Amino acid sequence: MSQTRASRRRTTLLAAGVAAGALLLSACSGEQPGSSSGDTKFVKGTGEITKVPEGKRTEAPDLAGTSVDGKKLKLSDYEGKVVVLNVWGSWCSPCRAEAPNLAKVAHDTEDKGVQFLGINTRDLDKANARAFERTYDVDYPSFYDPSGKLILKFPKNALNPQAIPSTLILDQDGKVAVRALKSLSEKELRSALDPLIDAK
């Protein structure tokens, strides 16, 4: 093998190794391939929280399915409310870290026209998801979406929930106003949510 071919082979193997490493890291962090970058005209906040000004928001798809408890669940049933939509899995450490924050803010805002919903993903056994909800006092419903089909309904060129955990906040018109690709603190969640409550 010539030195040039050997060098190319090493470069190819190195690139493949980097790609594999990136995929592994992405799986550990819960991030999935895909990006909403480009000429989106979105106003990006600090960190991984993106806020969209009114008038530039896109409508969320009407998700429908069954909950972790086996009940029918449809996003459009909460039309007119501000909806906090959190993607989570019982196996996900950052999801466990933010769950108490979501549960607390959900309880505090339920009389302010806010509805929290979850999308439970990659949990092949509903029992694990139900145990998670009991452990963290999550009393709002979650879609059971082990294969991620509901997540794929979000357009790739929009603010789709492309990480686990992800949180989308929909305004009262059902449009995506905020996306967080991270585990949220209570303060971060309230800061993103309060302006939409005040705008109702």
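The next point concerns the overall build of the protein. The secondary structure content of the protein amounts to four helices and nine strands. Mapped in sequence order, the helices and strands of the protein form the string α-β-β-β-β-β-α-β-α-β-β-β-α. Here the protein holds 200 residues, and 43% of them are scored as buried. Within the protein, residue pairs in contact and separated by at least 24 positions form 71% of the contacts whose partners lie at least 6 positions apart. Surface summary for the protein: the accessible area is close to 11000 Å², and the carbon and sulfur share equals 52%.

On to the packing of helix α2 (residues 93–109) against helix α4 (residues 186–198). Viewed as axis vectors pointing N to C, α2 and α4 meet at an angle of 30°, and their least axial separation amounts to 10 Å. It follows from the interaxial angle that α2 and α4 lie roughly parallel. Along this stretch, α2 crosses α4, giving a crossing that reads as right-handed. The segment α2 lies against α4, with Asn-101, Leu-102, Lys-104, Val-105, Asp-108 and Thr-109 engaging Glu-186, Leu-189, Arg-190, Leu-193 and Ile-197.

Using the criterion set out here, one finds one disulfide in the structure. Here Cys-92 is linked by a disulfide to Cys-95, with a sulfur-sulfur distance of 2.4 Å. Because the torsion about its S-S bond is 80°, the bridge between Cys-92 and Cys-95 counts as right-handed. Grouping residues by exposure puts Cys-92 and Cys-95 together as buried.

The next subject is the confidence of the model for the protein. In this model, the protein carries an average pLDDT of 81, and 76% of its residues clear a pLDDT of 70 or more. Here residues 4–47 is modelled with pLDDT under 50, and outside its nearest four sequence neighbours on either side it reaches 38 contacts, counting other chains as well.

In strand β7 (residues 142–145), alternate side chains face the same way, and those of Ser-142 and Tyr-144 on one face and Phe-143 and Asp-145 on the other are all buried. Pairing analysis gives four bridges linking strand β6 (residues 114–121) to β7, with the strands arranged parallel. Across the sheet, Gly-118 pairs through a bridge with Ser-142, a residue of β7.

Let us now look at the pattern of salt bridges. Counted according to the given criterion, the structure contains six salt bridges. For Asp-108, the salt bridge goes to Lys-104, with nearest N and O atoms at 3.2 Å. Of this pair, Asp-108 and Lys-104 both sit in helix α2, separated by four residues, roughly a single helical turn. For Glu-188, the salt bridge is made with Lys-182, and the minimal N-O distance between the two is 2.8 Å. By relative accessible area, which is 24% here, Lys-182 ends up partly exposed. Taken together, the shared-partner salt bridges connect Lys-104, Asp-108, Glu-186 and Arg-190 into one network.

Attention now moves to the nonpolar core. Core analysis: the biggest nonpolar cluster contains 28 residues, and Leu-63, Leu-75, Leu-85, Leu-117, Ile-119, Phe-143 and Leu-170 have the highest contact counts within it. Secondary structure elements with two or more residues in this core: β5 (82–88), α2, β6, α3 (126–135), β7 and β8 (166–170). Ranked by residues supplied to this core, first place goes to β5 with four residues. Look past the residues within four positions of Leu-75 in its chain and what remains in contact with it is Ala-60, Pro-61, Asp-62, Leu-63, Val-83, Leu-117, Phe-143 and Leu-170. Residues Val-82, Ala-106, Val-138 and Leu-196 belong to the second largest nonpolar core, which totals 20 residues.

The rules behind each value
- Residues numbered from 1 in each chain as written.
- Predicted model: local features only at pLDDT ≥ 70, side-chain atom pairs only at ≥ 80, totals over all residues.
- Heavy atoms only, no water.
- Helix = DSSP H or I, 4+ residues; strand = E, 2+ residues; numbered from the N terminus.
- Buried < 20%, exposed > 50% of the residue type's maximum accessible area, 1.4 Å probe, protein only.
- Contact = heavy atoms within 4.5 Å.
- Areas by Shrake-Rupley, 256 points an atom, 1.4 Å probe, with all protein chains shown as cover.
- Axes fitted to C-alpha atoms, helices over the stretch in contact; angles between N-to-C directions.
- Parallel < 35°, antiparallel > 145°, perpendicular 65-115°, else oblique.
- Left-handed = near helix turned anticlockwise from the far one by under 90°.
- Disulfide = S-S within 2.5 Å.
- pLDDT = per-residue confidence, 0-100.
- Pairing = 2+ DSSP bridges.
- Salt bridge = Lys/Arg side-chain N within 4 Å of Asp/Glu carboxyl O.
- Core = buried A, V, L, I, M, F, W, Y, C linked by side-chain atoms within 4.5 Å.

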